[in-house]
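Summary of structural features
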Amino acid sequence: MSFLSTLALAMGSSWVSGINMYAAVATLGLLGRFGQLKLPGELGVVTSWWVIGVALGLYAIEFVADKVPFVDSLWDAVHTFIRVPAGAVLAAAAFGDFDKVIQTVAFLVGGGIALSSHGTKATTRAAINTSPEPVSNILASLGEDVVGVGAIVLAVSYPIVAITLVVIAVAVSLFLIRRIIRYLARVMGRIRHLGLNE
């Protein structure tokens with residue numbers, strides 16, 4: 001696999017890991033198993049039936065948990081300590097055939113990419129939870145599922161497009177996160193104000 005293809009797969013899987021790590025791992029594993037895709041570096045480990053089975057099982061749990069308001073935010077909070085390191089590991093594993101310096105840089109950049117997508121997902125979903133109806137939460141979750149699988153397939157099929165989209169997504173994340181956090185702070189302030197006036 002070329003450097004460009006490896007970079008696209010590393011960036012794409014790191015970015016998806018921040019949104020839905022289990023979907024990323026399962027998709028990579030299934031593409032490696034059935035899609036005639038030779039995964040770069042040390043990513044071949046995800047083609048193990050054990051890895052695919054565990055990833056699919058955990059994805060099924062997340063599929064349900066992620067569609068329940070407030071449960072999704074609790075799930076996201078716990079997964080801050082799972083998704084971000086996993087994104088870093090996936091990026092470093094993709095560059096497993098390269099020099100250790102490149103692997104280390106991939107680890108650091110992959111973790112940063114995963115943190116940006118996870119932070120945007122978690123804060124956006126917390127903002128959506130301020131709405132009383134559950135439909136927007138379910139639609140957002142289904143959209144994340146489609147984007148997660150689609151981004152991995154895109155990284156495999158169109159590396160330059162995938163790299164460009166991840167760079168744009170990280171830039172958008174940096175732009176949005178501050179605004180979403182400010183919005184949540186205002187909502188929390190209103191809730192506290194209402195509580196004090198009761």
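Here's what I pulled together on the structure shown here. (Residues numbered from 1 in each chain as written. Predicted model: local features only at pLDDT ≥ 70, side-chain atom pairs only at ≥ 80, totals over all residues. Heavy atoms only, no water.)

**Observations concerning the overall build of the protein**
- Within the protein one finds six helices and zero strands.
- Its helices and strands in sequence order give the protein the pattern α-α-α-α-α-α, from N to C terminus.
- Taking 2.2 N^0.38 as the reference for a compact globule, 198 residues should give roughly 16 Å; the C-alpha atoms of the protein span a radius of gyration of 18 Å, in line with that estimate.
- Structurally, the protein occupies a C-alpha span of about 65 × 30 × 25 Å along its principal axes.
- For the protein, with 198 residues in total, the buried portion stands at 44%.
- Long-range pairs, those at least 24 residues apart, make up 72% of the contacts in the protein between residues at least 6 apart in sequence. (Helix = DSSP H or I, 4+ residues; strand = E, 2+ residues; numbered from the N terminus. Rg over C-alpha atoms; globule rule 2.2 N^0.38 Å. Buried < 20%, exposed > 50% of the residue type's maximum accessible area, 1.4 Å probe, protein only. Contact = heavy atoms within 4.5 Å.)

**Observations regarding the layout of surface pockets**
- Quantified by volume, the largest pocket comes out at close to 270 Å³.
- Lining the largest pocket are 16 residues, and of these Trp15, Ile19, Thr120, Lys121 and Glu144 sit closest to its centre.
- At the level of elements, helix H1 (3–34), helix H4 (100–128), helix H5 (135–157) and helix H6 (159–197) are the ones that each hand at least two residues to the lining of the largest pocket.
- A per-element tally of the lining of the largest pocket places H4 first, with six residues.
- Per-class residue counts for the lining of the largest pocket are eight nonpolar, five polar and three charged.
- Taken as a whole, the second largest pocket holds about 180 Å³ of empty space.
- Taken together, Met21, Tyr22, Val25, Leu43, Val45, Val46, Val51, Ala86, Val89, Leu90 and Ala93 make up the lining of the second largest pocket.
- Secondary structure elements with two or more residues in the lining of the second largest pocket: H1 and helix H3 (71–94).
- Here the lining of the second largest pocket takes four residues from H3, the largest share from any one element.
- Looking at the lining of the second largest pocket residue by residue, the class counts come to eleven nonpolar, no polar and no charged. (1 Å grid on protein atoms, 1.4 Å probe; cavity = no way out; pocket = protein on both sides within 12 Å on 5 of 7 lines; lining within 4 Å. Points joined across faces, edges and corners; volume = space filled by probe spheres on them. Nonpolar A, V, L, I, M, F, W, Y, C, P; charged D, E, K, R; others polar.)

**Points about H1**
- Taking 1.5 Å per residue, 32 residues should reach 46 Å; H1 reaches only 23 Å between its end C-alpha atoms and comes up short.
- At Asn20, H1 shows its largest kink, close to 135°.
- Counting buried positions along H1 gives 24 out of 32 residues, so the element sits mostly inside the fold.
- One or two positions beyond H1, positive phi appears at Gln36, with a value near 55°. (Expected span 1.5 Å × (residues − 1). Bend = angle between axes of the 7 residues up to and from the residue.)

**What about the packing of H1 against H4?**
- Direction vectors running N to C along H1 and H4 enclose 35°, while the axes themselves pass 7 Å from each other. Pair H1 / H4 crosses with right-handed handedness. Counting all contacts with H1, which are made through Met11, Ser14, Trp15, Gly18 and Ile19, the residues of H4 involved are Gly110, Ile113, Ala114, Ser117, His118 and Lys121.
- Of the residues belonging to the contact of H1 with H4, the class tally is five nonpolar, five polar and one charged. (Axes fitted to C-alpha atoms, helices over the stretch in contact; angles between N-to-C directions. Left-handed = near helix turned anticlockwise from the far one by under 90°.)

**Looking at the nonpolar core**
- In terms of nonpolar packing, the biggest core is built from 37 residues, with Leu9, Trp15, Val16, Val25, Leu28, Leu39 and Leu43 touching the most fellow members.
- Contributing elements (two or more residues each) for this core: H1, helix H2 (49–65), H3, H4, H5 and H6.
- Looking at which element gives the most residues to this core, the answer is H1, with 14 residues.
- Dropping the residues within four chain positions of it, Leu39 is found in contact with Leu9, Leu28, Gly32, Gly44, Val46 and Thr47. (Core = buried A, V, L, I, M, F, W, Y, C linked by side-chain atoms within 4.5 Å.)

**Overview of the packing of aromatic side chains**
- All told, the structure shown has five aromatic pairs when counted by the stated rule.
- Ring geometry for Phe3 and Phe98: centres 5.7 Å apart, planes at 70°, overall edge-to-face. Of the two residues, Phe3 is situated in helix H1 and Phe98 in the loop between H3 and H4; the sequence distance between them amounts to 95 residues.
- For Phe3, a relative accessible area of 45% gives the class partly exposed. (Phe/Tyr/Trp six-rings, centres within 6.5 Å; stacked < 30°, edge-to-face > 60°.)

**Quick look at a positive patch on the surface**
- On the surface, a cluster of positive charge is made up of Arg178, Arg179, Arg182 and Arg186.
- Relative to the elements of secondary structure, Arg186 occurs in helix H6.
- Judged by relative accessible area, which is 47%, Arg186 ranks as partly exposed. (Patch = residues over 30% accessible without salt bridge, like charges linked within 9 Å, V, L, I, M, F, W, Y side chains within 5 Å. Areas by Shrake-Rupley, 256 points an atom, 1.4 Å probe, with all protein chains shown as cover. Salt bridge = Lys/Arg side-chain N within 4 Å of Asp/Glu carboxyl O. Lys, Arg positive; Asp, Glu negative; His and termini not counted. Charge placed at Lys NZ, Arg CZ, Asp CG, Glu CD.)

Keep in mind that these numbers describe shape and distance, not what the molecule does.
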